[in-house]
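If you want the building blocks of each chain, they are given just below.
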2 protein chains.
Amino acid sequence: MHDATRELLVETERDGISVPAIAARAGVNPTTIYRRWGDLASVLSDVAADRFRQSDPPAETGSLTGDLSLWAEYFLEEMGSGPGRSYVADVLAGDANGENTGICARYAADAITQILARFPNTANPAVDEVLDHVAAPILYRILFTKQRPEAGYGSQLVTRLLRGTQTDAHQV
Amino acid sequence: MHDATRELLVETERDGISVPAIAARAGVNPTTIYRRWGDLASVLSDVAADRFRQSDPPAETGSLTGDLSLWAEYFLEEMGSGPGRSYVADVLAGDANGENTGICARYAADAITQILARFPNTANPAVDEVLDHVAAPILYRILFTKQRPEAGYGSQLVTRLLRGTQTDAHQV
DNA sequence: GCGTTAAAGCAATATTTCTGCGTTAGACTT
DNA sequence: AAGTCTAACGCAGAAATATTGCTTTAACGC
């Protein structure tokens, strides 16, 4: 079912996608989809969330700044490029109880947690701080402004965050 | 038309809203709505964006920190309370060309610009910095996590941002 | 006043969504 | 192993929604 939806998302125009179309592609009765998901938005939300879930552990560069920057740039690319914005919007649209958005948030949090755990001795920012000041701005720009942020914006946010944290550590 | 939609949003359940229902309420033919907007999502997107647009200039407290904090808390309350999240999601859902999200972003930017202009002599953060590190985290939490952030989170973000900026000024 | 044009109504049609009912497949009991 | 129970699916018909062609209305410039 997810496969069929993904294939349709690639092949056809966005508004050519409908529950009957997905059903036909999956060789299944539309009724099945309606009973399982309720409507098209929920199917798309599930599929989109799934698309963000599958991924490798974040790449290693040897430094906290490097790892976070690389992840931020990857995140920016993944969310901002072409269909990425649509996927994010899909996740939000068909997610009445906040389940799929939760999955996406947890995925990002996991990646950051992994990275931070590699450098336990430095004055690390909290996971939430990275989410708030790196992931959130990227998403904000992708969702609410027309032009996606240029490459380098992600690592710029990371630099800014780490500078702030280090300053704090010194001041305490 | 917007009025009719708003009334329906208040009166009926969310999935009881349809294009024919709005048309009936507005005393108009459904065809008119379909031709003007295309589908329900676009209507809801327009109405939701409009809801955020209408507002007074941000309140004054006499200090940059105070004005920004007050605005941040207002923003948090407006976006996070009850139907707020739905409105944000609506804006995103029915906005193929990014027009309505642009309106929302501009509205937030305008409010921040007004506030910053009141204190021209201090080492102000840029408008984009406020958007990135105050508005964006609030929206991120509202959209992607289940429990809305507690009151005080907005002013906390403002404090963090201004502390960073001031530190920078001293260091330079 | 008169023609032009944009927007809306109306009616017919197509498509999607919903519901009731029958069938099948797998799990569990005896 | 046969019987029963449950959950999921298919099918067909009905209801609701979305689309289209054509007509009507109303506003504007001439």
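Residues numbered from 1 in each chain as written. Chains lettered and ligands numbered in written order. Predicted model: local features only at pLDDT ≥ 70, side-chain atom pairs only at ≥ 80, totals over all residues. Heavy atoms only, no water.

K.L.:
Mind showing me how you'd approach the domain arrangement of chain A here?
P.N.:
One frequent convention defines the size of an interface as the accessible area lost when the parts assemble. Residue and element names in this part refer to chain A. You can read the domains of chain A as domain 1 (1–38) and domain 2 (45–171). Between domain 1 and domain 2, the C-alpha centre-to-centre distance is 30 Å. Counting residues at the interface gives 6 residues for domain 1 and 6 residues for domain 2. The junction of domain 1 with domain 2 conceals about 580 Å² of combined surface from both sides, 53% of it contributed by carbon and sulfur atoms. Together, His-2, Arg-6 and Arg-14 form the three largest contributors to the area buried by domain 1 at its contact with domain 2, with a combined 67%. Our count for the contact surface shared by domain 1 and domain 2 stands at 2 salt bridges. In this structure, the salt-bridge partner of Asp-90 is Arg-14, at a minimum N-O distance of 2.3 Å. In this assembly, domain 1 and domain 2 are joined by 2 residue pairs in polar contact (both at pLDDT 80 or more). By residue number, the principal contributor to the side of domain 1 that touches domain 2 is helix H1 (residues 2–11), which donates 4 residues. Grouping the amino acids of the side of domain 1 that touches domain 2 by side-chain chemistry returns 2 nonpolar, 2 polar and 2 charged. (Domains from an automatic or database assignment. Contact = heavy atoms within 4.5 Å. Buried area = accessible area lost by both parts, 1.4 Å probe. Salt bridge = Lys/Arg side-chain N within 4 Å of Asp/Glu carboxyl O. Polar contact = N/O pair within 3.5 Å; in protein donor to acceptor, adjacent residues only side chain to side chain. Helix = DSSP H or I, 4+ residues; strand = E, 2+ residues; numbered from the N terminus. Nonpolar A, V, L, I, M, F, W, Y, C, P; charged D, E, K, R; others polar.)

K.L.:
Just to check I follow, could you spell out the protein's contact with DNA strand C for this structure?
P.N.:
Around DNA strand C, a shell composed of 13 residues is seen, among which Tyr-34 and Arg-35 of chain A together with Asn-29, Thr-32 and Arg-35 of chain B lie nearest. Within 4 Å of the protein, the atoms of DNA strand C are drawn from sugar and phosphate moieties in a proportion of 67%. For DNA strand C, a phosphate oxygen lies 3.4 Å from a polar atom in the backbone of Gly-38 of chain A. Between a phosphate oxygen of DNA strand C and a main-chain N or O atom of Asn-29 of chain B, the distance comes to 3.0 Å. Listed by contribution, the elements that provide at least two residues to the surface near DNA strand C are helix H2 (19–26) and helix H3 (30–37) of chain A together with helix H3 (30–37) of chain B. (Near = heavy atom within 4 Å.)

K.L.:
Would you mind going over the confidence of the model for chain A with me for this structure?
P.N.:
As a note on interpretation, predicted positions should not be read in detail where pLDDT is low. Residues and elements named next belong to chain A. Here chain A averages 90 in pLDDT, and 93% of its residues register 70 or above. The secondary structure element of chain A with the lowest average pLDDT is helix H9 (residues 153–171), at 76, and the one with the highest is helix H8 (residues 127–144), at 97. Confidence over residues 167–172 falls short of pLDDT 50; this stretch has 5 contacts with residues more than four positions distant or in other chains. (pLDDT = per-residue confidence, 0-100.)

K.L.:
Looking at this structure, how should I read the protein's contact with DNA strand D?
P.N.:
Within the structure, DNA strand D sits among 13 residues, and Asn-29, Thr-32 and Arg-35 of chain A together with Tyr-34 and Arg-35 of chain B are positioned closest to it. Sugar plus phosphate: this is where 61% of the atoms of DNA strand D within 4 Å of the protein reside. One of the side-chain nitrogen or oxygen atoms of Arg-35 of chain B is found 2.7 Å away from a base oxygen of DNA strand D. Breaking the surface near DNA strand D down by element, the ones donating at least two residues are H3 of chain A together with helix H2 (19–26) and H3 of chain B.

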